Structure formats: C-alpha cells, structure tokens
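# Coordinates in review
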Amino acid sequence: MSIAKRVQELLAQMTLEEKVGQLQMLQGGGWHVPDHLREAIRAGRVGSVLNEVHVETVNELQRIAVQESRLGIPLLVGRDVIHGFKTVFPIPLGQAASWNPAVVERGARIAALEAASHGVNWTFAPMLDIGRDPRWGRVAEGYGEDPYLTSVMGAAAVRGFQGDKLDGLGSIAACAKHFAGYGASESGKDYNSTNIPENELRNVHLPPFAAAVDAGCATVMTSFSDIDGIPATANQFLLRQVLRGEWDFDGVVVSDWDSIRQLSVHGLTADNRESAREAALAGVDVEMASTTYAEHLASLVNDGKVAIETVDALVANILTLKFRLGLFESAETDAAAFPGIGIPAHLNAARTAATESLVLLKNAHGMLPLQAAHLKHVAVIGPLADEPFEQLGTWIFDGDANLSVPLLPALRARHPEIEFGYVRGLPTTRSQDRSGFDEAVALAERSDAVILMLGEEAILSGEAHCRADITLPGAQQALIEAVAATGKPVVLVLMAGRALALQSVVPHVHAMLYAWHPGCMGGPAITDVLFGHATPSGKLPVSLPRVIGQIPIYYGHKRTGKPATPDTIVRMEDIPARAEQLSIGNTSFHLDVHPSPLFPFGFGLSYTTFQYEQLALSARELRRDETLTVSFDLINAGARDATEVVQLYIHDPVASTTRPVRELKAFRRVALAAGEQRRISFTLTADDLAFYGRDRRRKAEAGQFHLWVGGNSDATLHHDFFLLD
Ligand code: NOJ
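Presented here is an overview of the structure given in this document. In this numbering scheme, every chain counts its residues from 1 along its sequence in written order. For this predicted model, a pLDDT threshold of at least 70 governs which residues receive local features, and a threshold of 80 or more governs which side-chain atom pairs are given and counted, while totals over whole chains, interfaces and linings are taken from all residues. Hydrogens and water molecules were not included; the side-chain quantities draw on all heavy atoms of the structure.

### Quick word on the packing of helix α1 (residues 3-13) against helix α14 (residues 308-324)
Here the axes come from fitting lines to C-alpha atoms, over the contacting stretch only for helices, and the angles between their N-to-C directions go from 0 to 180 degrees. Only DSSP runs of H or I covering at least 4 residues are called helices, and only runs of E covering at least 2 are called strands; the numbering of each starts at the N terminus. One can describe the packing of α1 onto α14 by two numbers: an axis separation of 9 Å at closest approach and a directional angle of 125 degrees. Our classification of the angle between α1 and α14 gives oblique. The element α1 and its partner α14 pack so that their crossing is right-handed. Taken together, the residues of α14 that come into contact with α1 (itself represented by I3, R6, V7, L10 and L11) are D312, V315, A316, L319, T320, F323 and R324. When residue character is reported, Ala, Val, Leu, Ile, Met, Phe, Trp, Tyr, Cys and Pro are called nonpolar, Asp, Glu, Lys and Arg charged, and the others, Gly included, polar. The residue inventory of the contact of α1 with α14, partitioned by class, reads eight nonpolar, one polar and three charged. An angle counts as roughly parallel when it lies under 35 degrees, as roughly antiparallel when it exceeds 145, as roughly perpendicular when it falls between 65 and 115, and as oblique in every other case. Two helices cross in a left-handed way if the nearer one is turned anticlockwise from the farther one by less than a right angle. They cross in a right-handed way if the turn is clockwise. The contact criterion used is simple: two residues touch if any of their non-hydrogen atoms lie within 4.5 Å.

Right, dumping it as structure tokens:
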C-alpha cells in the first residue's frame, strides 16, 4: 500500500486530540523516562521528542508509543547533530573551507551513523543561513557567505544524513534551517530582526534551501527572526507560497524552539491561542518545545478558527515522514547493527576533513612548511594549543572530547625528535592577564621557531554567542607583539568560529594558518600541514574584513553607482585641515580603510604556486538549449604535489535588476603533481545564469556576461560571452 494511502487510513482513525498530539515535540528525559512523558506518549499527546540520546531510553519511548498508545504511532527523535555526533568534524564553516562536498557528505554520513545507533532519527542540520556578518555567532554553523557554495555543501549534507533512502540503516532525516533569512539578523545579534528585500531574499538567502529541497531534504525548520514584519514561524509567504507552493516541498516543517509561543513576544499575536492559529495557518507541522498547539488547536478547530483540513495536512506530513523513515516497520534501535563510535574510519575522515579545511593565509619567505631536520626547539604558545575540548567548536552536544587530539600532543607524537616547549601565555583567549607573557617570550627566545595557537574558544561562537568586536579577544594582540619582538620566525595558527578582523595582526607574524574549530582531529591535521606532511588546500568561504567597520563585506556585493576602484587608497591623515567637502568624483569607500577585504572570498595559499592560462570558451554565444564549455590550463608551477580549488565566477553587467559584481558558479578541487599541467573544463548552461529579476521570475536574461577563472574571487583571467534570446 502506498504511503499516502497508509497515512489517510491512519488519519481516518485519529481523534482530534490524537492529531494535535502528533504535532507536539517534547524534550526527552535523560536516563529515565519521566512519568509525565511516559503518560503523554501513551495517551497520544506527543509525536516527537528531542534531546534524548540514551538508546535504552529511546527504545523505551518507542516501545511505549508503539505498544501502549491507542494507534501505535512511533516517535520522531530529534537532536542537533551538527558537525558530528561523538566523532566531531570541523565546524560547518570549516568544512566549507574545504570546498569539498565529499568531505561534507562523508561527515554527515558518519554523524548520522553514530547518532542513529543511539536511536536518533532526525537531525536539525544543515544550517543554510547565508553568513555575511561575522559578528553573528551562528556563522560557525553555516557554510559561509555565498549562496552557491552553501547550496552545494547543504545538498551534500542532506545526502550524507539521509543516505540513499530514508529507511536505510543509519539514515536520519535532515533539516534545512533556519527558514529563512536568519543570517541577516541586524548587527549580527542573534534572534534580531531582518530586513531583506524580496530580490535579495530570492537571489541570496533562498537558493540554498531550494537546493536542499531538491536534494530531498525531509524537513525544514523555521527561523526565530522577523522578516518583513511577519516572524518566519507565521510567515505564509515563506512557508506556503515559496516552500510548499513554488518548491513543492512535501516534508515536515518544524518550528524552532519555542518560536510559536514567541509570536506573541514579537507582537504579532496577543496570546498563545492566536500564535497557535498563525503558525498552523502558515503550515508549521511540529511545535518544538512550546505547547500552544496542544493547548489551543482543538478548540480553535471546534470554534471554526482553524479548519480541520488544515490540521489534517499538518498531521499527514508528520505521518508521511514516519512512514518514509520506516518507523512503522521498526522503531527500536539495535545499536549492535552499527559500525561503532569513534572508530578509526570515522577519526580518519575527521582528520581528512580538518586537513582540507585549513586555510593558509600568509607564508612569508616560505616559512612553512617547517623543516623538521633544521629544528631542535620549537615554542608552542597560546591558551588553545592543548585544549581537546575547545577545538571541537560550537554545537557539540554529544561530542566526545576524549577522542580529541589537540595540537601540542599531536606535534610531540609526530616529531619526537623535536623538543616542543609549551607556555600558555594567557589563561584564556579572553583574558587580559599578562603575567604569562615573560615566560612565553623567554620560551620563544630559546627556540628556533614559534607556533602561536590563538583565536577564540568554542563558547565565543554559536547560538546567542555573538560578538560586537571581532578582533582577537583579550590580550592576544599584545601577546603576539611581545613574541614577535623576539625576532623568531612566528607562525600563527588561529582557531575561530567566524571570520576575525586581523588587520593589526598580520604584519607581526611570518605565517598564518586559519583553522576554524577543526574538530577532534584538529591537532594531527594542523601538525601535518605545519610540517609539510600535507599541503594546505583550504580556501576562505567568507571574506576576511580588515576592520569591524567594513562589515558586511562580501565578494558578491552590488556595484553601486559609484564603485570604488581597486587602486582606491585613502590616507585620512593626508586630508588637509579645513578641506572643502566635495561629493563629486568620490566613490563608495570608507575614509579610514581600504575598500577591499583583508583576504578575499575563495583565497588560500598552497606550498606550491598554481598558474591559470589559456582560457577558452566553446563559443562566444550561448543559446538557451546549449552548453558552454569553459576550459583552461592549470599548472602546478612549484616543486610539491598539491590540490587547488579552481573557481569560476560570472557577472551579468546589465540586467532588469542590478546583479552582484561577481557570482561563483562552479568550483572543483584538482590535485596536480609538482610541475603537472592539466586542461580543466567546466560547463555552463543558461540555467546557471538565471536569477529573480524585475518580474520576480527566475530566468536568465539575454546579453553579455563576464566570466573569470582562478584561485579566488579576485581572479583576473577572464572572457566575455553572450546569452542569446
Ligand atoms: C534553537 C536553535 O536555533 C536551532 O538551530 C536548534 O536546532 C534548536 N534550538 C533545537 O536545539
């Protein structure tokens, strides 16, 4: 019998109270099933639980649901499995820096296997919010500033979590969140309001969600935020018109934690009853944590305020997912059927992911890779160098710090012939206590080279952990300067959950490696790259600002009517006293900082040099039913085997609405041996050029296009082509 038929048969047997019960998600109870939860499940007042990961408890909950409730409907069991379960991978922002969807897919697969072995059948990931304001703590959970990179990575995460089929071993339902626009929270402050014009919403914020839906993502979570005056959890335009209507989404929509109740806090509704009605009418199927549906939906139906057909549709979505997950066939989990937790295959995958996520930003005089043969004493300095927990990053509810190997022990294990001295320097990254500086400087002075491991602890990013000042916190700048003053070669390894503003840091260090929060195998991965056992290949998934005041700064900005030129250099100190103010001839820039970012989106160095040459297009003119092939030579001009992330950008210079100055349209990791040259090809179709224009329809507009290929968003090798009508 088809799932649709089974759902209708079940619905026909349900009382209104049982229907409302399916919409309720409640918190699990830990090791023991609390009596109220046991009773609620038995009575059919709960359709799903979250935050319950003891497999015995989950099995007990499922047993009660299946055997003791009237209709025997199994439970959805949700958990935030964001970048690993016990085996922790790099934060999603770090995974994005690998520009390798296979890394994301494998990480999600392993997370799903480990979580499913604990009875979890639904994760609240991937987060697909576009992150253009690094003050926002949740940029750590997403894939950066770009809609296309986020779309590719998000779809990979969905495939990894859900596997080939939702009812397969180790498949868990994915959840594209937070729908929509959450990343645009004003001033980078969590839960804040957003102001997103529809053109920007459709072209920047929604595409990753559309890609996730296309990839078969089973569920979508609404955002906490207000958008255009209607909080996302009650937003019929987003949930009904776009998600269900335009995209044909037939999965489950879940509220964020308490976000239905919060509709009245926003001021959209007067009370919980109105909130329940607004959310139901918008099509929110599952209410997470708050209980407005449970308290009011039945009476709203009885009073004719919400149609029973509306409630039936919500319930049907949930039952459909339960059938798709195979829960009606078997709801209990046999942990022994799974490959295991933190096994070598999982740790190796985490190590590969960490290695590929590392971005080399500076390497003066080829300081890196460190030459082990020439080093006897190396100073390791910084409060993050020996912290297994901190490198795991945000959102690691279940992460096992016992599996985590930080930098210091990894260095000592890999190079026992070198003496690695260690001084913490600062108690934490946030500390102003400089009492450890003398010891740090003394260690640097008696060493051949210094590895500084600084940045942000895990707690400084993630939900509700936003920072207004995204320079290095505490006295880290002073520590860097004190150590640098020794004149020793200094490599700075930065761990952070966001892009930091580093203009004042870069000149003081010889080399700089951006490690994000690299997950449990961060230490070995960083060691491999520092000593050349691996060659860095990560690229920035976000632009790094020079200073905070540049935020938001992202490569895909609009051109404006007065674009700054690349040679715009402002020296505020040179402006004469009482200078006459003229607006004519000026462009869009700040007086006190260069208009470019410190490091552009897509940037990352290698231990070799890559050259791009001989760009050719298969045609100058592209018809709508044709494919354009873009080819070029990639040359590894150095002496080391290495991997380059080749990137293709376009610009639509004249369109019915203004378009970004560049848009990423394709990328690929290419491994080349030292000296090797290879012809690389990408294909483009008219669909790749499409966007929502003045008529709010998605289409490619005929005319001229510019195209660039290269190793970052400042690529210079370019060509033009024309899309024909
Ligand atoms: C609130 C967060 O915004 C969301 O991302 C998360 O999935 C839920 N809490 C559940 O923990």
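### A few points about the site of the ligand
Neighbouring residues are identified by heavy atoms, a residue being near a molecule or strand if any of them is within 4 Å of it. By nearness alone, every residue bordering the ligand is listed as D80, F124, R138, K177, H178, M221, F224, D256, W257, M288, W395 and E463. A distance of 2.6 Å separates an oxygen atom of the ligand from a polar side-chain atom of R138. Within 3.5 Å is the distance limit for a polar contact, defined as a pair of N or O atoms, with the added protein rule that one can donate a hydrogen and the other accept it, and that residues adjacent in sequence qualify only through two side-chain atoms. A distance of 2.5 Å separates an oxygen atom of the ligand from a polar atom in the side chain of D256. Accessible areas in this description were obtained via Shrake-Rupley with a 1.4 Å probe; residue shielding takes into account the shown protein chains only. Across the complex, the protein chains shield 95% of the 300 Å² of accessible surface that the ligand would expose by itself. When its residues are assigned to classes, the shell around the ligand shows six nonpolar, one polar and five charged.

### Examining the packing of aromatic side chains
Two rings from Phe, Tyr or Trp (for Trp, the six-membered ring) form a pair when their centres sit within 6.5 Å of each other. Planes less than 30 degrees apart are called stacked, planes more than 60 degrees apart edge-to-face, and all others tilted. Summed over the entire model, instances satisfying the criterion amount to 19 aromatic pairs. Relative to W516, the ring of Y514 has its centre 4.6 Å away and its plane inclined at 65 degrees; by these criteria the two rings are edge-to-face. Each of the two residues, Y514 as well as W516, counts as buried. Between the aromatic rings of Y555 and F601, the centroid separation amounts to 4.5 Å while the plane-to-plane angle is 15 degrees, which identifies the pairing as stacked. With Y555 in the loop between α19 (522-530) and β17 (610-617) and F601 in the loop between α19 and β17, this pair connects stretches of sequence that are 46 residues apart. Residue burial is assigned from relative accessible area. The probe radius is 1.4 Å, only protein chains are included, and a residue is buried under 20% of its type maximum, exposed over 50%, and partly exposed in between. Since its relative accessible area comes to 0%, F601 is described here as buried.

### Some remarks on the environment of S193
In this fold, S193 is placed in the loop between β5 (175-179) and α8 (198-205). Here S193 falls in the partly exposed class, since its relative accessible area comes to 30%. C-alpha of S193 to C-alpha of T292: the two residues are 99 residues apart in sequence and 23 Å apart in space. Those residues within four positions of S193 in sequence are excluded, and the remaining contacts are A184, S185, E186 and D226.

### What to know about the sheet that holds strand β15 (residues 490-495)
With mixed pairing, six strands are arranged side by side in an open sheet as β11-β16-β15-β14-β12-β13. The open sheet terminates on both sides in strands that have one partner only, identified here as β11 (359-363) and β13 (419-423). With direction set aside, neighbouring strand axes in the sheet form an average angle of 20 degrees. Any two strands with at least two DSSP-identified bridges between them are counted as paired. With four bridges connecting them, β11 and strand β16 (residues 511-514) associate as antiparallel partners. From the neighbouring strand, L360 faces β16, where its bridge partner is L513. Lying on the sheet, helix α16 (residues 407-414) is in contact with β12 (377-381), β13 and β14 (449-455); it crosses β13 at an angle near 165 degrees.

### With respect to a nonpolar patch on the surface
A contiguous nonpolar surface patch, about 260 Å² in accessible area, is contributed by M572, I575 and L591. Mapping I575 onto the fold places it in the loop between α19 and β17. Owing to a relative accessible area of 39%, I575 belongs among the partly exposed residues under this scheme. In this scheme, patches are assembled from residues that exceed 30% relative accessible area and form no salt bridge. Like charges are connected within 9 Å, while nonpolar side chains (Val, Leu, Ile, Met, Phe, Trp, Tyr) are connected within 5 Å. In what follows, salt bridge is the name for a side-chain nitrogen of Lys or Arg lying within 4 Å of a carboxyl oxygen of Asp or Glu.

### Re helix α7 (residues 147-162)
One fewer than the residue count of a helix, multiplied by 1.5 Å, yields its expected span. Taking 1.5 Å of rise per residue, the 16 residues of α7 would be expected to cover 22 Å, and the 22 Å separating its terminal C-alpha atoms lies within 8% of that figure. Across the 16 residues of α7, 13 count as buried, placing the element largely inside the fold. Between the side-chain oxygen at the start of α7 and the backbone nitrogen of Y148 there is a gap of 3.1 Å, and the oxygen is on D146. Directly after α7, the chain includes G163, whose backbone phi takes a positive value near 60 degrees.

### Things to note about the pairing of strand β19 (residues 627-636)
Within β19, eight of the ten residues are buried, leaving the element largely enclosed by the surrounding structure. Judged from the six bridges that link them, β17 and β19 form a sheet pairing that is antiparallel. Residue pairing in the sheet places E613 in a bridge with D633 of β19. The pairing of β19 with strand β22 (residues 677-685) spans nine bridges and is classified as antiparallel.

### As for the pattern of salt bridges
Going through the model one piece at a time under the given rule, you end up with 42 salt bridges. Salt-bridge contacts for R244 lead to D285; the nearest nitrogen and oxygen are separated by 2.9 Å. Here R244, found in helix α10 (residues 236-246), pairs with D285, found in the loop between α12 (272-282) and β10 (287-288); they are 41 residues apart in sequence, far enough to count as distant. Residue R244 is classed as buried on the basis of its relative accessible area, which comes to 18%. The class of D285 is buried, set by a relative accessible area of 0%. Put simply, D725 and R624 hold a salt bridge, and the shortest N to O gap is 3.8 Å. With D725 in the segment after β26 (717-723) and R624 in the loop between β18 (621-622) and β19, this pair connects stretches of sequence that are 101 residues apart. On the basis of relative accessible area, D725 is assigned to the exposed category, the value being 82%. For R624, a relative accessible area of 38% corresponds to the partly exposed category. When salt bridges that share partners are traced, they join R38, E39, R42, E60, R63 and E68 into one network.

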